[in-house]
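Close look at the chain arrangement
Chain residues, written in single-letter form:
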Amino acid sequence: MNPPDPDLAAAELKAMQDSIYREKILRARRQTPEERLADVFELTNSVFTRMHEGAMWQAGISDERQGWDIVRKRLARLRQVYDAGRFVNHLPAALQ
Amino acid sequence: MTIEQLATAVLDACEKEGVHHMLTGAFAHGLYGIPRSTKDVDVVLSVASGNPIERVVRRLEGVVQFEQQVKFDTLTWGKRLVGESTGMPPFKIALFELFDDPFVQSQFQRRRRMFSTQIQRETWLPTPEDVVVQKLRWGRSKDLDDARDVLAVQGPETLDMPYIEKWCALHGTVPRLLEALAGIPPLD
């Protein structure tokens, strides 16, 4: 049996990615701006609930407050990565 | 607390203080692009009424715990203060002070009013063109995806592309714009 052709595999993967993205675009186009904005609210509440449930399950705890503390720490780490080098506490002297 | 309740509290604080404002971040992107979840409520505040951040922070006492110190972004040197909702979940809120950057000024002047059924309030949001320019300017991976989403969902043919191209040329982000446009798959 011949080994898989890497170029063909990459092309198939790209076609699949484009197809998934295309469906997302077309779905969003069918929505009104208000419906899309409503989705942001709904998705956000849902994702936080899932993060909380996941943290409690992973830590094996039933205390909801503890679960939110874990979520908070994880989000803080994510923000550190996302904002790295983007913010400083003071303006440069030349701009003050 | 839900993200709707937090957004409502922030917008009410702005209204009561008479601070002109504009929702940005994922809410602006979601309005024109592919909706996604967010971790924070981002709001730009006009400085026309004086000390907007202090006044909005005071109004949100008990609802949001803010950091002690404002920070400055290293791209435009705009001022930002971050807080976290006191109730659970721990949503973040970021207050940005409007400043004299020509694009930021233009974006704020062009903002549009819309009614959100979720929060039962009118709010102000940037135009799709300004969301694209801002996201390309920030240039983090998620920002670039967001810019491409807005271009794809709105369609370049419906957008004021000369306006977008003008700001991208000034910001040196034309290559990012071209890459975003090239990333839109055929839709027919």
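Shown above is the structure to which this text applies.
Residues numbered from 1 in each chain as written. Chains lettered and ligands numbered in written order. Predicted model: local features only at pLDDT ≥ 70, side-chain atom pairs only at ≥ 80, totals over all residues. Heavy atoms only, no water.

Let us look at the interface of chain A and chain B. How big an interface is tends to be expressed through the accessible area that disappears when the partners come together. Listed as interface residues are 40 residues of chain A and, on the opposing side, 52 residues of chain B. The tally of links between chain A and chain B comes to four salt bridges. Close ionic contact of Asp83 of chain A with Arg80 of chain B constitutes a salt bridge, the shortest N to O distance being 3.5 Å. Applying the counting criterion to the chain A and chain B interface returns 18 residue pairs in polar contact (both at pLDDT 80 or more). Of all the elements, helix H2 (residues 33-59) of chain A adds the most residues to the side of chain A that touches chain B, at 13 residues. (Contact = heavy atoms within 4.5 Å. Salt bridge = Lys/Arg side-chain N within 4 Å of Asp/Glu carboxyl O. Polar contact = N/O pair within 3.5 Å; in protein donor to acceptor, adjacent residues only side chain to side chain. Helix = DSSP H or I, 4+ residues; strand = E, 2+ residues; numbered from the N terminus.)

With that settled, the discussion passes to the nonpolar core. All names here are of chain B. Counting residues in hydrophobic clusters, the biggest one holds 62 residues, and the most contacted among them are Phe27, Leu45, Val56, Leu60, Leu95, Leu151 and Ile164. At seven residues, the largest contribution of residues to this core is made by helix H1 (residues 3-17). Shared between two domains, this core holds at least three residues of each, these being domain 1 (1-126) and domain 2 (127-188). If we ignore the near neighbours within four places in the chain, the residues touching Leu151 are Val132, Pro156, Leu159, Met161, Ile164, Leu177, Ala180, Leu181 and Ile184. Grouped together as the second largest cluster of nonpolar side chains are five residues, Val44, Leu98, Val104 and Phe108 included. (Core = buried A, V, L, I, M, F, W, Y, C linked by side-chain atoms within 4.5 Å. Buried < 20%, exposed > 50% of the residue type's maximum accessible area, 1.4 Å probe, protein only. Domains from an automatic or database assignment.)

Since there are 3.6 residues in each turn of an α-helix, residues three or four apart along the chain are aligned in direction. With eight of eight residues buried, helix H2 (residues 25-32) of chain B lies mostly within the body of the structure. Along H2 of chain B, the positions that sit buried rather than exposed are Gly25, Ala26, Phe27, Ala28, His29, Gly30, Leu31 and Tyr32 of chain B.

Residue and element names in this part refer to chain B. For the bond running from Met88 to Pro89, omega is 0°, close enough to zero to count as cis. Its location among the elements puts Pro89 in the loop between strand E5 (79-85) and strand E6 (92-97). Non-glycine residue Asn51 carries a positive phi angle of around 45°.

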